[in-house]
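The lines below spell out each chain.
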Amino acid sequence: MADLMKDTYTFQSLKKKYKNFLAPAVKFLIGGSDVAQLKEAHVRSVEAVLSLDCAGSARIVLGDCYDYKNASFAQALKNLAVLGRKVELSLGYGSKFQKVFTGFLASAETTVDAEEGISLALTALDVRRLMMTDN
């Protein structure tokens, strides 16, 4: 992961590396498997919070991952969404990514919405959260 406090970039070099910023891309790895690439779900949103004051976090919201016929979330997703697993979030464009977060899966939340249907939000926290709660 790049040192976000010391590394410097020019806009032109980033524009060249990320092919004019035309195709945003995300990798949300849980235990080494990319949840964003699951065919049983689609990414509704991704959020990363990096902070010096509190624990950093990464959150992905997945839609179309609930099987109404079987009244269950997709098996591939259930196998990955295990609390405590290592999470890595990488953001980029096209096929070029930059890792921006490493932590552990801390929560899984289900939301039921009349228009959007059932979605699953997975939130990861960085190691600072463990240090804040561990004696």
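As the structure is a prediction and not an experimental result, all values here were calculated from the model. (Residues numbered from 1 in each chain as written. Predicted model: local features only at pLDDT ≥ 70, side-chain atom pairs only at ≥ 80, totals over all residues. Heavy atoms only, no water.)

J.: Is there a simple way to explain the overall build of the protein chain in this structure?
T.: When helices and strands are counted, the protein chain shows 3 helices and 9 strands. The secondary structure elements of the protein chain, listed N-terminal to C-terminal, are α-β-β-β-β-β-β-α-β-β-β-α. Viewed in the frame of its principal axes, the protein chain has a C-alpha envelope of about 50 × 45 × 25 Å. Evaluated residue by residue, the protein chain yields a buried proportion of 33% over its 135 residues. In the protein chain, of all internal contacts separated by at least 6 residues, the share reaching a separation of at least 24 is 55%. The protein chain carries 17 positive and 15 negative side-chain charges, and their two centres are separated by 9 Å. (Helix = DSSP H or I, 4+ residues; strand = E, 2+ residues; numbered from the N terminus. Buried < 20%, exposed > 50% of the residue type's maximum accessible area, 1.4 Å probe, protein only. Contact = heavy atoms within 4.5 Å. Lys, Arg positive; Asp, Glu negative; His and termini not counted. Charge placed at Lys NZ, Arg CZ, Asp CG, Glu CD.)

J.: How do you make sense of the side chain of Asp126 when you look at a structure like this?
T.: Position of Asp126 relative to the elements: it lies in the loop between strand 9 (117–125) and helix 3 (127–133). At 2.9 Å, the side chain of Asp126 and the backbone nitrogen of Gly56 are in polar contact. The contacts of Asp126, once residues within four sequence positions are left out, are Ala55, Gly56, Phe101, Thr102, Gly103 and Phe104. (Polar contact = N/O pair within 3.5 Å; in protein donor to acceptor, adjacent residues only side chain to side chain.)

J.: Help me understand the nonpolar core, please; the structure alone is not making it clear to me.
T.: Nonpolar side chains tend to gather and get buried jointly when the protein is soluble and globular. Counting 24 residues, the largest nonpolar core has Val35, Leu62, Leu77 and Leu122 as the members making the most contacts within it. Those elements that place two or more of their residues in this core are strand 1 (24–30), strand 4 (57–63), helix 2 (75–80), strand 7 (86–93), strand 8 (96–113) and strand 9. Counting residues per element, this core draws most heavily on strand 9, which supplies 4 residues. If we ignore the near neighbours within four places in the chain, the residues touching Val35 are Phe28, Ile30, Leu62, Leu77, Leu80 and Leu122. (Core = buried A, V, L, I, M, F, W, Y, C linked by side-chain atoms within 4.5 Å.)

J.: Can you walk me through the pairing of strand 4 in this structure?
T.: Most of strand 4 sits inside the fold, with 6 of its 7 residues counted as buried. The pairing of strand 3 (residues 42–49) with strand 4 spans 7 bridges and is classified as antiparallel. Within strand 4, the position partnered with Ser45 by the bridge is Val61. As judged from the 6 bridges shared by strand 4 and strand 9, these two strands associate in the antiparallel manner. Its bridge partner being in strand 9, Ser57 is matched across the sheet by Leu125. (Pairing = 2+ DSSP bridges.)

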